[in-house]
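Structural description and commentary
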Amino acid sequence: MPSFDTVSEANMDEVKNAIVQTNKVVTNRFDLKGTSAKVELKEKEREVTIFGDSEFHLEQIMIEVTQTMGKRGVDVRFLDKGKIEKIGGDKVKQVIKIKNGIESDDAKKIVKTIKDSKLKVQASIQGDAVRVTGAKRDDLQEAMAMLRKEIKDLPLEFNNFRD
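None of these values were measured; they are calculated from a predicted model.

Quick word on the sheet that holds strand β2 (residues 38–42)
Within the open sheet, the four strands sit side by side as β2-β3-β5-β4. Their pairing is antiparallel. Because the sheet does not close on itself, it has two edges, and the strands there are β2 and β4 (79–86). With strand direction ignored, the average angle separating the axes of adjacent strands in the sheet is 20 degrees. Packing of helix α1 (residues 12–28) onto the sheet brings it into contact with β2, β3 (47–52) and β5 (92–98), and relative to β2 it is tilted by some 160 degrees. Packing of helix α2 (residues 55–71) onto the sheet brings it into contact with β2, β3, β4 and β5, and relative to β3 it is tilted by some 140 degrees.

Structure below.
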């Protein structure tokens, strides 16, 4: 029976490359030269930390991060911004979590959307992914197109397509 998995995973290699590129731009940018502006990536915790001298610097660095990630094909909907924290003196930081997987509420929403669509496919939650199965390949392709159209707040990808 044909099937595919609906997942939401950021390409961490491209995220890492985007952070390295952003650091290069930030160190050479005129208005940020000589400041403590920098971006760090903790891959194991899947979080990016932005450091700066003021909230304005954080905003400028965040703009640079999102532009660079966009150029590298990483959807910015993966980024979950935390609040701005003061760290000694005038310095500030902001932690940005990188989402991984589909949360249970979102998975239920995807399953409900598929059931309400009246397509001849079934959806089941498999951990942090949603498996969609159907009798025909065309039905699965319709389901993919419908999910792309209906679920706009999640960066969905479709993998593990089997005939």
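Focus: the packing of aromatic side chains
With the rule as written, the count across this model stands at two aromatic pairs. Relative to F158, the ring of F4 has its centre 5.4 Å away and its plane inclined at 85 degrees; by these criteria the two rings are edge-to-face. With F4 in strand β1 (residues 3–7) and F158 in strand β8 (residues 157–162), this residue pair connects regions lying 154 residues apart in the sequence. Overall, F4 belongs to the buried group, its relative accessible area being 0%. Between F4 and F161 the ring centres are 6.4 Å apart and the planes differ by 10 degrees, which places this aromatic pair in the stacked class. Linking F4 in strand β1 with F161 in strand β8, this pair joins segments that are 157 residues apart in sequence. An aromatic cluster is defined as three or more aromatic residues linked by ring pairs; in this entry it consists of F4, F158 and F161. Residue placement shows K38 over the ring face of F51; its charged tip is 5.2 Å from the ring centre.

Focus on the pairing of β5
β5 sits mainly inside the fold: five of its seven residues count as buried. In this sheet, β5 lies alongside β3 in antiparallel orientation, the contact comprising six bridges. Its bridge partner lying in β5, T49 is registered against V95. In the sheet, β4 pairs with β5 via six bridges, with the strands oriented antiparallel. In the strand pairing of β5, K81 is matched with I96. In textbook terms, the turn of a hairpin is the stretch between consecutive antiparallel strands, and for β4 and β5 this stretch comprises five residues, one of which, G88, has a positive phi near 60 degrees.

Remarks on the pattern of salt bridges
The tally for this structure, following the rule as stated, stands at twelve salt bridges. Residues R29 and D31 are paired through a salt bridge, measuring 2.8 Å at the closest nitrogen-oxygen approach. Assessed through its relative accessible area of 21%, R29 is described here as partly exposed. By relative accessible area, which is 35% here, D31 ends up partly exposed. For E40, the salt bridge is made with K38, and the minimal N-O distance between the two is 3.3 Å. A network of salt bridges, in which partner residues are shared, links R29, D31 and E64.

The rules we used
Residues numbered from 1 in each chain as written. Predicted model: local features only at pLDDT ≥ 70, side-chain atom pairs only at ≥ 80, totals over all residues. Heavy atoms only, no water. Pairing = 2+ DSSP bridges. Helix = DSSP H or I, 4+ residues; strand = E, 2+ residues; numbered from the N terminus. Axes fitted to C-alpha atoms, helices over the stretch in contact; angles between N-to-C directions. Contact = heavy atoms within 4.5 Å. Phe/Tyr/Trp six-rings, centres within 6.5 Å; stacked < 30°, edge-to-face > 60°. Buried < 20%, exposed > 50% of the residue type's maximum accessible area, 1.4 Å probe, protein only. Lys NZ or Arg CZ within 6 Å of the ring centre and 35° of its normal. Salt bridge = Lys/Arg side-chain N within 4 Å of Asp/Glu carboxyl O.

In short, geometric facts, not functional conclusions.
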